[in-house]
Amino acid sequence: MKWSVHSRIQHVSLRRLQNLVGFGSVGLSFSTKIIKFQLWAIAVGVLFVVIVSFNRVEATEMNNNTNSEVYHFKIGSFQVAVISDGLLKLPPLPTYAPTANPQEVERAMLERFWSPNELNLYFNTVYVDTGKHKILIDTGAGSELGTGLARLIPNLHSIGIEPQDIDAVIITHAHPDHIGGIVKNNGQLTFPNARYHISKAEWQFWTAKNIDLSSLKIPVQFKESIKAAAHKHLEAITDRVNLFQPKQEIVPGIYTIDAAGHTPGQSVLRIVSDNEQLIVAADVFFNPAFDLEHPDWQTGFDFDPLQAQITRRKLLDEIVRERTMVVAYHMPFPALGYVRSRKDRYEWQPVLWQFGDRPI
Ligand SMILES: [Zn+2]
């Protein structure tokens, strides 16, 4: 449509300019021909400016569009998509590296060309269509962490998936950025037809009357809001929850791996179809510059920081050894890549962006 409008304007402009300078008339004197030639040259110049200006308007309009918030790929016969729930920009200290040397934190960020005052924390849920089940892994933050998030539902809608289509929700752990989308603001379940899967250890910890978060290095008010979110969202699914154990196949092709440390019952998932695999790493690591390059840095959200470090190295060593593709909840969108080892550190290798099945 844009092209036809564009062509018509060029055509009409050309006709008007031709009429203006009398292009194509015969029997002219030499001097008249020179004047006409000059006028024609000016007219062509004007036309060029008009066309360039018109294209500039188009380019400005395009810049107002957003980039993709959904990334499609396949694991064997499973259709998979990373679906963004949005992005938070936060100061890195003290929350995301409370035990690290602040100068090292600043250097790590500057080396990546990031502002040292602002850490981008992405929220990446995973949607899996196995052919039999439509599965969502984590539910995003909902309205638990303010505006700028809750992109999950509109992004699902953009690929033709509605909340009622989801028949299984797998929860890696019960922090508000992962479970905040379970209950809507009106108190109803966002995914009314889903069965919810969460590890037994995670469920028992967060549904206890007294939740002890004294080991977290974050402000007290934040601890209270994390507890309140856990009670609100987990209580809402009490009658439709499946409590799983490590190394269990919860739906065909999706296996659980114990990843305790960040929370008492955090789980990583291994998705297997045909001979292909994907590791869903939850919050075992957050950020390419922080806990991949510095795997001994803690985050203020770690329930058991030492256990979290052990779990991080164990999983990362396995991913490196197996050369398995991995998706990690808080990594830069689409948060999909591989991990390489570099002495005692790790390095993120994002996947090469694919535009889809069709060639471009
Ligand atoms: Zn998280």
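Position labels on residues start from 1 in each chain and follow its written sequence. The predicted origin of the model limits local features to residues at a pLDDT of at least 70 and limits the giving and counting of side-chain atom pairs to 80 or more, whereas totals for whole chains, interfaces and linings rest on all residues.

Engineer: Looking at this model, I keep getting lost on the overall build of the chain. Mind explaining?
Structural biologist: Counting its secondary structure elements, the chain contains nine helices and 14 strands. Classification of the 360 residues of the chain by burial places 36% in the buried group. In the chain, the proportion of contacts linking residues at least 24 apart, taken out of those at least 6 apart, comes to 69%. We count a stretch as a helix when DSSP gives it H or I for four or more residues in a row; a strand needs E for two or more, and each element gets its number in order from the N terminus. Residues with at least 20 other C-beta atoms within 10 Å of their own are called buried, those with 12 or fewer are called exposed, and the rest are partly exposed. The C-beta atoms themselves are positioned from the backbone. Residues are treated as contacting if the C-beta atoms built from their backbones sit within 7 Å of each other.

Engineer: Quick question: what am I supposed to make of the sheet that holds strand S12 (residues 325–327) here?
Structural biologist: Within a sheet, adjacent strands bond to each other through the backbone by hydrogen bonds, running parallel or antiparallel. Strand pairing is assigned whenever DSSP detects at least two bridges linking the two strands. Strand order in the open sheet formed by seven strands is S8-S9-S10-S11-S12-S13-S14, with mixed pairing between adjacent strands. Since the sheet does not close on itself, it has two edges, and those belong to strand S8 (249–251) and strand S14 (345–350), each with one partner. Each strand axis lies, on average, 35° off the axis of its neighbour in the sheet, ignoring direction. As paired elements, strand S13 (residues 336–342) and S14 share six bridges and run antiparallel to each other. Directly across from Ser-341, in S14, lies its bridge partner Tyr-346. In this analysis an axis means a line fitted to C-alpha atoms, helices contributing only their contacting stretch, and an angle means the value between N-to-C directions, from 0 to 180 degrees. Against the sheet, helix H9 (residues 305–322) contacts strand S10 (267–273), strand S11 (276–280), S12, S13 and S14, and its axis sits at roughly 100° relative to S13.

Engineer: Hey, could you run me through the environment of Trp-114 in this one?
Structural biologist: Residue placement: Trp-114 occurs in the loop between helix H3 (102–111) and strand S3 (119–129). Judged by local crowding, Trp-114 falls into the partly exposed class, with 16 C-beta atoms found within 10 Å. C-alpha separation for the pair Trp-114 and Ala-289, spaced 175 residues apart in sequence, amounts to 9.9 Å.

Engineer: Explain the sheet that holds strand S7 (residues 241–244) here, please?
Structural biologist: Pairing is mixed in the open sheet, where seven strands are placed in the order S1-S2-S3-S4-S5-S6-S7. The outermost strands of the open sheet, each flanked by one partner alone, are strand S1 (70–75) and S7. Shown here is a sheet whose adjacent strand axes are inclined to one another by a mean of 25°, direction ignored. With four bridges joining them, strand S6 (residues 195–199) and S7 adopt parallel strand pairing.

Engineer: What is the right way to read the environment of Ile-257 from this model?
Structural biologist: Its location among the elements puts Ile-257 in strand S9 (residues 254–258). Note: C-alpha distance between Ile-257 and Pro-246 (11 residues apart in sequence) is 5.1 Å. Here Ile-257 is in contact with Pro-246, Ser-267, Val-268, Leu-269 and Arg-270, once residues within four sequence places are set aside.

Engineer: Would you explain the nonpolar core in this entry?
Structural biologist: The nonpolar side chains of soluble globular proteins are, as a tendency, buried together. Only buried Ala, Val, Leu, Ile, Met, Phe, Trp, Tyr and Cys residues enter a nonpolar core, and they are joined through C-beta atoms within 7 Å. Ranked by internal contacts, the top residues of the largest apolar core, which has 80 residues, are Val-169, Ile-170, Val-268, Val-280, Ala-281, Val-327 and Ala-335. If we skip the residues at most four places from it in the chain, Val-268 touches Ile-257, Ala-259, Ile-279, Val-280, Ala-281, Ala-282, Val-284 and Leu-315.

Engineer: Sorry, what's going on with the pairing of S9 here?
Structural biologist: Sheet faces and side chains relate simply in a regular strand, where the side chains alternate between the two faces. Pairing geometry for S8 and S9, over two bridges, is antiparallel. Pairing of Glu-249 across the sheet is with Tyr-255, part of S9. Between S8 and S9, which follow one another and run antiparallel, lie two residues, and Gly-253 among them has a positive phi close to 95°. Bridge count for S9 against S10 is five bridges, and the pairing is antiparallel. Bridged to Asp-258 within S10 is Ser-267.

Engineer: How should I be thinking about the confidence of the model for the chain in this particular structure?
Structural biologist: Low-pLDDT stretches of the model should not have their predicted coordinates read in fine detail. The predictor attaches a confidence to each residue, and that confidence, scored 0 to 100, is pLDDT. Across the chain, pLDDT averages 87, with 81% of residues at or above 70. Every residue in residues 1–28 is under pLDDT 50, and counting partners more than four places away or in other chains gives 20 contacts.

Engineer: Would you mind going over unusual backbone geometry with me for this structure?
Structural biologist: In terms of backbone geometry, most residues other than glycine have negative phi values and most peptide bonds are trans. Cis geometry is adopted by the peptide bond preceding Pro-94, which originates at Leu-93 and carries an omega value of 0°. Between Phe-333 and Pro-334 the backbone carries a cis peptide bond, its omega angle lying at 5°. In this structure, Pro-334 sits in the loop between S12 and S13. The phi dihedral of Ala-150 falls on the positive side, at around 60°, and the residue is not glycine. Residue placement: Ala-150 occurs in the loop between strand S4 (134–137) and helix H4 (152–158). Taking the number of C-beta atoms within 10 Å as the measure of exposure, Ala-150 has 21 and is therefore buried. A positive phi angle, close to 60°, is found at Lys-247, a residue other than glycine.

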